[in-house]
Structures are given as structure tokens and as C-alpha cells.
Amino acid sequence: MISFPILTILTFLPLVGALVILLFLRNDETGAGSARSMALVTSLMTLAGALILMLVFDPANPDFQFKEKMIWLAPLGIAYHLGVDGISLYFVLLTALLVPICIIASWRSVETRVREYMIAFLVLETFMIGTFCALDAILFYVFFEGGLIPMFLIIGIWGGKRRVYSAYKFFLYTFLGSVFMLLALMVLYMQAGTTDMTVLMANPVAPSIQTWLWWAMFASFAVKMPMWPVHTWLPDAHVEAPTAGSVILAGVLLKMGGYGFLRFSLPMFPEASAAFAPVVFWLSVIAIIYTSLVALVQEDMKKLIAYSSVAHMGFVTLGLFTATLEGISGAIFQMISHGLISGALFLCVGVVYDRLHTRDIARYGGIVKNMPRFATLFMLFMLGSVGLPGTSGFVGEFLTLLGAYQVDTLIAALAASGMVLGAAYMLVLYRRVIFGPPAHADATAMPDVDGREFAVLALLAALVLWLGVFPGMITRSMTPSVEKLVTHITQHHSEQEQAP
Amino acid sequence: MSEFGFLDFNLVPLLPEVFLALSAMGFLLIGVSFGDEARRVIPWYALLALLMTGVLVSQVSFDDAIVLGGMFKADAYSGFVKLLIIGGVMATLGLSMRYLEQEHIDQMEFYVLVLLASVGMMFMVSAVNLLSLYMALELQSLSLYVLAAFNRQSPRAAEAGVKYFALGGLASGMMLFGISLIYGFTGSLDFGTLTASMMVMQPVPFAVIFGLVFLLAGLAFKLSAAPFHMWTPDVYEGAPTAVTALFAMVPKLAALALLMRILFEPFAYLVPQWEQIIIFLAVMSMIVGAFGAIAQSNIKRLIAYSSIGHIGYALIGVAAASEGGINAVLLHMLIYMAMTAGTFAVIMAMRRGGRSVERIDDLAGLSRSQPILAYALGILMFSMAGVPPFAGFFGKLMIFQAAIGAELYALAIFGVVASVVAAYYYLRIVKVMFFDEAVLMLDLNVLSGPQRFILACSVAFVLFFILSPSAFIDSTQLAAAALFPGR
């Protein structure tokens, strides 16, 4: 298997599909139809490749597998270096799963410039998978940052009324965060003489310079995550993005922030991470409680879910910086689960938006009568978001809190109270949209989900339940890598204490 | 040989310059004698002459040699920069031919002047004496003053020419003053002798530093580094687009190469003194470049500010005062030149009803009417903003890496923040093309074959640079090493 470049193929297959669409399909109606099919086929092939990757992945091995290394920027010693371990594997899978879902979700709702739309999504997929596979810091940066371009276009071209403002805000916010990461990478390179992430992770730099590097990285990942108080781009971007754009934004792009913490902040700067963990904890708790309260008063469905994303990402950062096995596993699990659930919730909003062309919660109500199947699926995702046992949302939050209690009881207690608030705003949303008096005739006349929508939502629902009941499916292959990370961090702490 | 003691030199390293100068004069004669008949062929002959010069450069200019009694030095550094200059000028000519016809200013003098300016620039990068340096600079500048006002019918072009000339003359005066101070206190104009006397004179007399400051101020004007950038937006806007393309691509590269040679050869011992000035120029240029462009509605003015900003980044590399820094500057300028060539091809495609238009809003809806142009410019703009995976990112990467290596942390932080501000206006062009609806369409199929070719090359370079960055970095590294012998 070593010689077969499965990761390169996975990463660049979508790009090849995009090139085929660009070069061989005409820019008209028939071209649009074939672009849809071509994009779907390509993304399904990528999904198949990712599933194969999962099957041949050795779950007992904590190290990077399927490594590929080629000389790339020789004078600087920067290499094209790919590999996956138990942590990145599931991010790759999540991406490969959500992109075809996005393409199916856009089948009817995107009718202008279909060809370009599909190209943008496939290019974005390449950047996303590349981010999760990259083992060279500069390569990581290229993928991490390159994804901004297609997303900028997706929001700006196919978005809602204030799309231009949101697209700018999205781009500039994340760009500003990332350039600090670039500088930090340069400093790391100067200190360590390499940009190979495996080397950097194994040999953290001196604690004295970790502080600044940690903050520079933090600036980048905290914006991407997004953490309170730099989350304000997210509600805007979500509200204006087309449905599929929101799905991919919430489902994958936010996870790049968490993934960055896992790959850079925690292993490369263990001392600084420990020192600043309380800062992260408090920011996370503020995110959980404050954004939940903000979500409670939203009148726009997408905005509400966007704020709930910030709150859920609060659990992720909380879990990550506990540096315990439970906390980190919980955070990763939460990211995967949130990718599925929030993606599904945005799809649900998309379903009703396609029918009534409004996201205003007050315009709906009483639609359980005419949309029973939709109501059932929506309920499932809503409960998953709340963290009901039996859904994947529960596992992530539970593990995270388990990790947090070992470190700081007060923080854990506050975060747990956030779960109650989460239940409050999701239940209010559900009641106002699905139940209640049928106030508007057009809302109660909407047809139920059709076959296409049902298939997508049912698939996600099955996954949410499956992961909720058998979380071991994921944790089994994840645990060795997480254990290795935790051992690495604790080792450094003890060394730190021994050497006065 | 001994009979002509003062002529005791080897002309071989000078061949490319001599050949190009003779070609330019030959074209002038042909043009005057044959008039209109010659007009059609001279552009192609000019391209051919440049190509030949390029071949000659690659043959003779890379070997170390000092000729003309210590006035002229050929080495890998000058050779590399000369190739870039020739490439840039060829791209300009390719872009210009159709444009000059459309604007009814296709006189053969244009080509003669461009070639003479090229000769001047090639001498600039080889000058190792303050006198030859000044003469080369003036040859280049005088040709460019005329070119700026080349469209005689247009008052705006005349204004641009006069403005450029008046301010350029002032800058030349400052340089001369600086040179005379340096000469007065060291007794030498020759770089080698200057280096030696700097080594002996410790501390270096204040007047020499004073002279260096004047010299730098004059060069900063040629570079359009803020606060000596005032002429840039007006000249870029007023001059014919073909000339603006030339201004944006080549003379700055030559001036920067010259600046680096001065700073790293005779004044290498004064790094702490000049580093402050360069940092100041870099910071000012980045500020002006980033914030000045935001309010612009004319695309040529926008590119002018963008070029000021890019000079700011380049100066970061100079301030790093290391081989890596020079390497980064050369790579950055190479990439900037490639991006600019493509950008100007698109600007030349902006015509409506047969007339050239220059407002950014004129690009509205281009992604629908002419998607290929829109994607090309979009890619170029993202590259200019320094967003990976495009070439522009790697230029910035090398620059910031050099800055970090020299521990210029504050400057590096300033640079990246300025690049985010600059991203805003590059994004604006993308926004206008992709997000806005067209009010009026631009003319279709404006570009000629050579213009399309240059656009395609430029975009291909920007897109595919990532596949093999080493191919270019290796050659810039060789060039940089030549300027940093054994240090």
C-alpha cells in the first residue's frame, strides 16, 4: 500500500473533476446538467476512496499512515508531505461525505452558473482534504488558506442579499488570522530548521518562545473555529451563504480550526498550551453561555443555528485544552458529530427555504401537519444538537465534560449549564417552526420532503444515531493517536517540572 | 594593446548592451528613411533584437568581469536581472503593438525609446561606479519621460510627462548632490575603492551618510517608494496604457537591482545606518500602497498604488540585509512582473465602443460576458493579494521568511497586516467582476494574438508556479549569491 499514493489521489481527484467540467462541458443548460452529474460522480468517487482508506487504515497504529513525501521547495527544505493518523482520518471522511451531500442539496436550488458552482465546490474539496492530509506546515498553510478563495466566491456569487458584505467579512477575518500563523510558521522554521510537522510535533521548541508562537497560531485557529469574541463573521457568512455553502462551512471549514489546535498548538507548544489553557477555558465557557443566550433571541433560523455552532465549538476548544484523553477524544467526536448535525440542520433550513424563500422563524408554524416526514427528521437533528443520549451529539459533549471535570470543576459546571441553554433555544426553534398555530396559509401548504431531500437527510440521521449508539466505531481507531498526543503532552509537563 | 592604454578593455561582456544600442539607432534610421512602410515591421524587429540580446546576455553576462575601466561589472546577479528586464520589455512590446494602433500612436519612435530605456536599465544593473550609474539612470529616465507623454494628442499624457520629468529631474538632482558628497569625503566614485575606504574610515564621516541618504532618496523616487511616490498614480493614469505597463514592470526592477548593488557593495559596512532608512521606506510604502488604493476608482491608479505596496514588500527583503533577502526580492519582483503583464493585458481589453475605459466599475459582470478574462484577472488579483496556492504567495513567503531570519519581527508583522488591508482592494476587483451585474458590456475580442499569448503565459505562470517553485528559486539564489560573495 505504501507505494500507492492514495492520499494524493483523494486530495486531487475533485480537482481533476473540476478541470473536466471546466474544459469539456459547455456553458449552457445541457452543460449545467452534466456539470451536476460530473460533480456528483467525482465527489462520490472521492467518498468511495475515503471509505477504502478507512478500511485499509490500521486502527492500532498511532502514527501517520500512507505517508507520501516528495521534494517540493528544495531550497527551503519544504516538502510535499502527506499522511493520515487516527485523528485526521475522520476529518477526511467527514469532508468526503459532506461534499456529495452538498452537491445533491444544490441540485435544484442552484440554477445560475451551475458549472462554476460545481467547480468551486470540487476545488474547495481538494483544499479541505489537503488540509487534513498535509504533514508539512507550509503545505498545510497553502491548503488551509487556499480554501478561502472558492468559499469567498460561493458566498459572494450564490449568496443572499448582503452576500458581498459577508463574503468580504469572511475572507478578511480569516485572512488576517492566518497571516499570523504564517509568521509563526516562519519563526518555527528558523528555530527548528524544518517545516515537517511530524518533526515539529515530536520536538517542541523552547518554552521561552512558545508564548508568542502560540498566540499567533491561536489568532488563526480561534478565528477559524470561531471562538468568542472573534466569531462575528460566522453568523453573517452563514446567513448569506447558499444552503450547501452553510453546510460545508459549519461541517468542515470550522473544523479546520480545531484540527489546527490539535496539530499545531497542542503538540508543538505543550508548555504554552498548558499555560494559556485557562484563557481558552474561559473563552469557551463564555462562547457556550453567551452565544446560547444570543441564539435564544434570534428570529432568523440560519442565524440561530450559526450561533449554536459557536456554542458547540466552545465545547470543542474546552475539550481540546483539557489535554486529557477524554477531553480530546470528546472534542474530536464533537467536531465530527457537529459536522453531521449542523450540516443536517442547515439542510433542513434549506428545505423550507426552498419552498417559502424566507428564513424568518415567525413566517412558519404548524407545518407538522403537511410535512410530517420533515418534522420527524428535523426533530432528530434538533435532539442531536441538544445532546440527547442516543445521538452522536451526546457522546461528544459527555466526553468533553468528563475531561473538563478532571481539570476544573467550575468550568465544567458552567459548560454543563450551556447544555441546558442549548436545549432551550433548539426546542423553542422547533416549537415555533413545526408546531404552534398554523399562522400562514402558504407555510401550511408546503409539500413534504421529496425523495432527494429525504434520502440525504435520512442518511445523515442514520449516521447521527449510529454514532450515538456505537461511538466505538470512531473512537477505536482514534484512541491510539489521541493517547500518543496526550502522552506527549504530559511527558513535556513532567520534564518541565523536573527541570527547574 | 598598449598603444591604447585607456582602451585596454575587453568588450565582450558589453556585447548585449552594444548590440541593443546599435539596434535602437538602426531602427531610428530605418524608421526615418522608410516612414510608414517600416512602421509595421519595426515592432517585430525590436522583439527580435531583444531576443538576440537575451541570448547574448545568457552567453556573456554571467561571467565575472569588470570592464570599461571599472565602470561596468558583469556577474550572475546583473545577468539574471538583465534577462528579467529583457523579458519584461518583450512582454511590454507584445502588449503594446495592438494598443498603439488602437490609440493611433503607433510611431516607430516608441520602439526606439523603449529599446534605449532598456539599454539604460541594463547598464544600471551593471554599474559599479557612481558616474556610470548616474549616466545609465539618466539614459533610462530621459527615454521614459518622453514615453510618458507619448500620446501627444492627450493633455493627460502631456501632464503625466511633465510631472514625471519635473519630479524626476528633482530626484536626479538629489542623487547628484548625494554622489558629490560621497565623492568629496571619500575621494572616489568607484564601488571597489569606496568599499575599501569605508572599511578604513571608522567612524564613517557623517557627510558620507548624508550623501547616501540623498542617493537613497533619489532612488526611492525611481522606485516609487513612499514618501517619494507622489508621481506614480498620476503618471500611471495619464500615460498610455502600454507605457504604464512598461513602468509597472521594468524600471522598478532595474532601480531595485541598482539599489541593492549600492547597498551591498560599497555601503555594506553601513548596514545599521541604511537599514533604518529602508525600513522607513518599506513601512511608508506598505501604508500608502494599502490605504491609498482603497478609494481609487480608476484601475490604473489602483495598480499604481498596488505597485507602491509591492515595492514596500520588496524593501522588507532589502532591509533583511542577507543573501536570503536578496533572493526573496528577486523572486518577488520576478513574480510581480509576471502578474503585472497579465493584469495589463486585461486592462488593454477594457474597451467600449472602440474607446479605452479605465474605471474599475467598467469590469462589472465580466464573469458573464467574458468569463476567460474574468477568471484570468481574478486569479491574478488573488495572486497579487498573496493568497496561496498562487505564485504571489511564494514571493511573500520568501520575503517574510527573510525578514524573520533577520529578526525584523515588527516589520514582518506590519507587512502581513498591510497585505490583509491590500487584499481588500484586490478582492474588490474580483467582486466587481463576479458579484456585480453589468450595466454596459465591454467590447468583445479586443485582444490581439500577442496580447492573448502574454495573458496566457502570465496566468499559467501564476497557476503552475506551485508545481515547481525550485526551478525559479534556484536561479534567483545563484543571482543573489553573486552579490554576496563569501559573506
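Residues numbered from 1 in each chain as written. Chains lettered and ligands numbered in written order. Predicted model: local features only at pLDDT ≥ 70, side-chain atom pairs only at ≥ 80, totals over all residues. Heavy atoms only, no water.

Asks: What exactly am I supposed to notice about the overall build of chain B here?
Replies: A tally of regular secondary structure across chain B gives 20 helices and four strands. Over its C-alpha atoms chain B spans a radius of gyration of 22 Å, differing by no more than 12% from the 23 Å that the globule rule assigns to 487 residues. By the burial criterion, 64% of the 487 residues in chain B qualify as buried. Across chain B, the fraction of contacts at a sequence separation of at least 24, relative to all contacts at a separation of at least 6, is 81%. Surface exposure of chain B reaches about 17000 Å², of which carbon and sulfur atoms provide 68%. Of the charged side chains in chain B, 23 are positive and 28 negative, and the gap between their average positions amounts to 10 Å. (Helix = DSSP H or I, 4+ residues; strand = E, 2+ residues; numbered from the N terminus. Rg over C-alpha atoms; globule rule 2.2 N^0.38 Å. Buried < 20%, exposed > 50% of the residue type's maximum accessible area, 1.4 Å probe, protein only. Contact = heavy atoms within 4.5 Å. Areas by Shrake-Rupley, 256 points an atom, 1.4 Å probe, with all protein chains shown as cover. Lys, Arg positive; Asp, Glu negative; His and termini not counted. Charge placed at Lys NZ, Arg CZ, Asp CG, Glu CD.)

Asks: Sorry, what's going on with the overall build of chain A here?
Replies: When helices and strands are counted, chain A shows 20 helices and two strands. Taking 500 residues into account, the globule formula puts the C-alpha radius of gyration at 23 Å, and chain A, at 22 Å, falls close to it. Here chain A, with 500 residues, has 65% of them falling under the buried criterion. Pairs at least 24 apart in sequence give 82% of the contacts found in chain A among residues at least 6 apart. Only carbon and sulfur atoms are counted for the fraction: they give 69% of the accessible area of chain A, which is about 16400 Å². A distance of 10 Å separates the average location of the 26 positive side-chain charges in chain A from that of its 29 negative side-chain charges.

Asks: Could you clarify how one ought to interpret the side chain of Ser307(B) in this entry?
Replies: Residues and elements named next belong to chain B. Structurally, serine 307 can be placed in helix α13 (residues 299–319). Its relative accessible area of 1% is what places serine 307 among the buried residues. Of note is the side chain of serine 307, whose polar atom sits 3.4 Å from the side chain of tyrosine 236. Among the polar contacts listed, one links the side chain of serine 307 to the backbone oxygen of alanine 304, at a separation of 2.7 Å. Ignoring anything within four residues of it in the chain, the contact list for serine 307 reads Ser224, Thr232, Tyr236, Lys252 and Tyr336. (Polar contact = N/O pair within 3.5 Å; in protein donor to acceptor, adjacent residues only side chain to side chain.)

Asks: In this structure, what is going on with helix α11 (residues 251–264) of chain B? I would like to understand it.
Replies: Along an α-helix, a turn takes 3.6 residues, which lines up residues three or four apart on a common side. The terminal C-alpha atoms of α11(B) lie 20 Å apart, and with 14 residues this matches the ideal 20 Å at 1.5 Å per residue to within 8%. Along α11(B), 14 of the 14 residues are buried, which leaves the element largely enclosed by surrounding structure. (Expected span 1.5 Å × (residues − 1).)

Asks: Looking at this model, I keep getting lost on the interface of chain A and chain B. Mind explaining?
Replies: Each partner contributes residues to the interface: chain A has 35 residues there, and chain B has 40 residues. Here chain A and chain B share an interface that buries about 3400 Å² over both sides, 80% of which is from carbon and sulfur atoms. Where chain A touches chain B, the interface holds zero salt bridges. Of all elements in the fold, only β1 (65–73), α4 (114–133), α5 (137–146), α6 (148–158) and α7 (163–192) of chain A reach the threshold of two or more residues within the side of chain A that touches chain B. Counting residues per element, the side of chain A that touches chain B draws most heavily on α7(A), at 16 residues. (Buried area = accessible area lost by both parts, 1.4 Å probe. Salt bridge = Lys/Arg side-chain N within 4 Å of Asp/Glu carboxyl O.)

Asks: In this structure, what is going on with the pattern of salt bridges? I would like to understand it.
Replies: When charged atoms on two side chains of opposite charge get close, those side chains can pair. All names here are of chain A. Counted according to the given criterion, the structure contains 25 salt bridges over all chains. For lysine 169, the salt bridge identified is with aspartate 236, shortest N-O distance 2.9 Å. Within this pair, whereas lysine 169 is found in helix α7, its partner aspartate 236 is found in helix α10 (residues 233–240), the two being separated by 67 residues in sequence. Under the relative-accessibility criterion, lysine 169 is labelled buried at 18%. Residue aspartate 236 is classed as buried on the basis of its relative accessible area of 11%. A salt bridge links glutamate 299 to arginine 432, with the shortest nitrogen-to-oxygen separation between them at 3.2 Å. Within this pair, whereas glutamate 299 is found in the loop between α12 (270–296) and α13 (301–322), its partner arginine 432 is found in helix α17 (residues 409–434), the two being separated by 133 residues in sequence.

Asks: Sorry, what's going on with the packing of α13(B) against helix α17 (residues 391–405) of chain B here?
Replies: For any two helices packed against each other, one specifies the inter-axial angle together with the distance between the axes. All names here are of chain B. Contact pair α13 / α17: the axes reach a minimum separation of 8 Å and the direction vectors enclose 40 degrees. Where α13 crosses over α17, the two elements pack in a sense that is left-handed. Across the interface between the two elements, Tyr313, Ala314, Ile316 and Gly317 from α13 touch Lys396, Ile399, Phe400 and Ala403 from α17. Its residues assigned to classes, the contact of α13 with α17 comprises six nonpolar, one polar and one charged. (Axes fitted to C-alpha atoms, helices over the stretch in contact; angles between N-to-C directions. Left-handed = near helix turned anticlockwise from the far one by under 90°. Nonpolar A, V, L, I, M, F, W, Y, C, P; charged D, E, K, R; others polar.)

Asks: Can you help me understand a nonpolar patch on the surface in this one?
Replies: Residue and element names in this part refer to chain A. Where nonpolar side chains cluster on the molecular surface, the patch consists of Leu51, Ile52, Met54, Leu55 and Val56 and spans about 440 Å² of accessible area. Within the secondary structure, valine 56 is located in helix α2 (residues 29–56). The partly exposed category is assigned to valine 56, whose relative accessible area is 37%. (Patch = residues over 30% accessible without salt bridge, like charges linked within 9 Å, V, L, I, M, F, W, Y side chains within 5 Å.)

Asks: Looking at this structure, I do not really get the packing of helix α4 (residues 108–126) of chain B against α11(B). What am I missing?
Replies: All names here are of chain B. It is the contact of α4 with α11, at a shortest axis distance of 8 Å, that shows an interaxial angle of 20 degrees. By the criterion of interaxial angle, the relationship of α4 to α11 is roughly parallel. Our pair here, α4 against α11, has a crossing hand that is left-handed. Taking contact as the criterion, the partners of Met121, Met124, Val125 and Ser126 in α4 are, on α11, Pro251, Ala254, Ala255, Ala257, Leu258 and Arg261. (Parallel < 35°, antiparallel > 145°, perpendicular 65-115°, else oblique.)

Asks: Help me out: how do you make sense of the environment of Gly339(A) in this one?
Replies: All names here are of chain A. Looking at the secondary structure, you find glycine 339 in helix α14 (residues 325–356). Along the primary structure glycine 339 and arginine 162 are separated by 177 residues, whereas in three dimensions their C-alpha atoms are 25 Å apart. Excluding residues that lie within four positions of it along the chain, glycine 339 makes contacts with Leu94, Leu98, Gly251 and Lys255.

Asks: For this particular structure, what's the right way to read the nonpolar core?
Replies: Generally speaking, soluble globular proteins have nonpolar side chains that are buried together. Ranked by internal contacts, the top residues of the largest apolar core, which has 400 residues, are Phe381(A) and Leu315(B). In terms of residues, this core owes the most to one element, helix α14 (residues 323–348) of chain B, which gives 18 residues. The residues touching Phe381(A), leaving out its near neighbours within four places in the chain, are Ile341(A), Ala344(A), Leu345(A), Cys348(A), Leu457(A), Leu460(A), Ala461(A) and Val464(A). (Core = buried A, V, L, I, M, F, W, Y, C linked by side-chain atoms within 4.5 Å.)

Asks: Could you clarify how one ought to interpret the confidence of the model for chain B in this entry?
Replies: Do not read the predicted coordinates in detail wherever pLDDT is low. All names here are of chain B. Here chain B averages 89 in pLDDT, while 98% of its residues score no lower than 70. Here residues 1–5 is a poorly scored stretch, pLDDT under 50, and it has one contact once near neighbours within four places are set aside; other chains count. This prediction of the complex comes with two scores: 0.92 for pTM and 0.90 for ipTM. (pLDDT = per-residue confidence, 0-100.)

Asks: How should I be thinking about the pairing of β1(A) in this particular structure?
Replies: Here is the key point about a regular strand: its side chains alternate between the two faces of the sheet. The sheet contact formed by β1(A) and strand β2 (residues 78–84) of chain A spans six bridges and is antiparallel. Its bridge partner being in β2(A), Met70(A) is matched across the sheet by Tyr80(A). (Pairing = 2+ DSSP bridges.)

Asks: So what exactly am I meant to see when it comes to the confidence of the model for chain A here?
Replies: Taken as a whole, chain A shows an average pLDDT of 87; of its residues, 98% reach a score of 70 or greater. Confidence, read as mean pLDDT per element, is least for helix α18 (residues 441–444) of chain A in chain A (78) and greatest for α5(A) (92).

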